[in-house]
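What follows is each chain in one-letter form.
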Amino acid sequence: MPKEKTAAKPGRGRASAPPRAPNRRGSPEAIEKRRAARMFNDVLGGRGLSAQKLDGRTEKRRQRLLRELENGTARGARELKPLDVLQRVEELLELGEPLASIRKVSKMRKPPAFPEGVVDVVERLHKAYGFRPETYRFVGIGEDVLREAGVLSDEAPRRRTRKAR
């Protein structure tokens, strides 16, 4: 004789449990609140100057990025690809590293003779990543290619002039 199925008891199992609240620690609002609170505490706590210094992890990351650019390798033996160079230079600029100090450790490549279609590739890359125009110099892409790709405006380049004595 087949056994009859009985209904599940109320209050047992996942179906009757109230839904759990999603983790909100990683939400953009929570992250912004934490950043604002840290800045507020730094400014009013008398550590206004320390707000501009990097914390320990960020400083270590900055040093690692500079070392990788200098050696041309990423985390050991893997050689940096041109996109890797762009990403590291962009990240260092976001951390507040001056362009001059990045130039000292990274070898800026000379602009090679580019194959056809490089302008389209640079335009597409810029739309996808939004790199700063100065980062492209580290992989050998000059201003003429950047202008054609729409990364730079068609204004005349600003050059420093020496003052006449």
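Check the entry above for the structure.
Calculation criteria
Residues numbered from 1 in each chain as written. Predicted model: local features only at pLDDT ≥ 70, side-chain atom pairs only at ≥ 80, totals over all residues. Heavy atoms only, no water. Core = buried A, V, L, I, M, F, W, Y, C linked by side-chain atoms within 4.5 Å. Buried < 20%, exposed > 50% of the residue type's maximum accessible area, 1.4 Å probe, protein only. Helix = DSSP H or I, 4+ residues; strand = E, 2+ residues; numbered from the N terminus. Contact = heavy atoms within 4.5 Å. Salt bridge = Lys/Arg side-chain N within 4 Å of Asp/Glu carboxyl O. Axes fitted to C-alpha atoms, helices over the stretch in contact; angles between N-to-C directions. Left-handed = near helix turned anticlockwise from the far one by under 90°. Nonpolar A, V, L, I, M, F, W, Y, C, P; charged D, E, K, R; others polar. Phe/Tyr/Trp six-rings, centres within 6.5 Å; stacked < 30°, edge-to-face > 60°. Patch = residues over 30% accessible without salt bridge, like charges linked within 9 Å, V, L, I, M, F, W, Y side chains within 5 Å. Areas by Shrake-Rupley, 256 points an atom, 1.4 Å probe, with all protein chains shown as cover. Expected span 1.5 Å × (residues − 1).

A few words on the nonpolar core. Soluble, globular proteins show a tendency: their nonpolar side chains are buried together. By size, the foremost hydrophobic cluster in this structure holds 25 residues, and its most contacted members are Leu69, Val85, Val89, Ile102, Val122, Tyr136 and Ile141. Listed by contribution, the elements that provide at least two residues to this core are helix 2 (56–71), helix 3 (82–94), helix 4 (99–105), helix 5 (118–129) and helix 6 (143–149). Ignoring any residue separated from it by four or fewer positions in sequence, one finds Val122 in contact with Tyr136, Ile141, Val145, Leu146, Ala149 and Val151.

With that settled, the discussion passes to the pattern of salt bridges. Using the criterion set out here, one finds 9 salt bridges in the structure. Here Glu91 and Arg61 are joined by a salt bridge, their closest N and O atoms 2.6 Å apart. You can see Glu91 sitting in helix 3 and its partner Arg61 sitting in helix 2, a full 30 residues away along the chain. A relative accessible area of 25% places Glu91 in the partly exposed class. Here Arg61 falls in the partly exposed class, since its relative accessible area comes to 30%. In this structure, a network of salt bridges that share partners links the residues Glu59, Arg62 and Glu97.

Contact geometry for helix 2 and helix 3: axes closest at 10 Å, N-to-C directions at 145°. Crossing geometry of helix 2 relative to helix 3 is assigned as left-handed. Listed contacts from helix 3 to Arg61, Arg62, Leu65, Leu66, Glu68 and Leu69 of helix 2 are Val85, Arg88, Val89, Glu91 and Leu92. Looking at the contact of helix 2 with helix 3 residue by residue, the class counts come to 6 nonpolar, no polar and 5 charged.

Applying the stated criterion to the full structure yields 2 aromatic pairs. On the basis of an interplanar angle of 5° and a centroid distance of 5.1 Å, the ring pair of Tyr129 and Phe131 is categorised as stacked. Relative accessible area serves as the criterion here: at 43%, Tyr129 is assigned to the partly exposed category. Each ring, one from Phe131 and one from Tyr136, has its centre 6.1 Å from the other, and the planes form 80°; the classification is edge-to-face. Exposure class is identical for Phe131 and Tyr136. Each is buried. Ring pairs connect the aromatic residues Tyr129, Phe131 and Tyr136, which therefore count as one cluster.

To continue, consider a nonpolar patch on the surface. A contiguous nonpolar patch, built from Phe40, Val43 and Leu44 and spanning about 340 Å² of accessible area, is present on the exposed surface. Within the secondary structure layout, Phe40 lies in helix 1 (residues 28–44).

Glancing now at helix 3. Relative to the 18 Å expected for 13 residues at 1.5 Å per residue, helix 3 spans 19 Å between its end C-alpha atoms, a close match to the ideal helical length. The set of residues buried in helix 3 consists of Asp84, Val85, Leu86, Arg88, Val89, Glu90, Leu92 and Leu93. Turning to helix 3, the residues buried within the fold contact helix 2, strand 1 (73–74), strand 2 (78–79), helix 4 and helix 5. Gly96 sits one or two positions beyond helix 3 and adopts a positive phi of about 95°.

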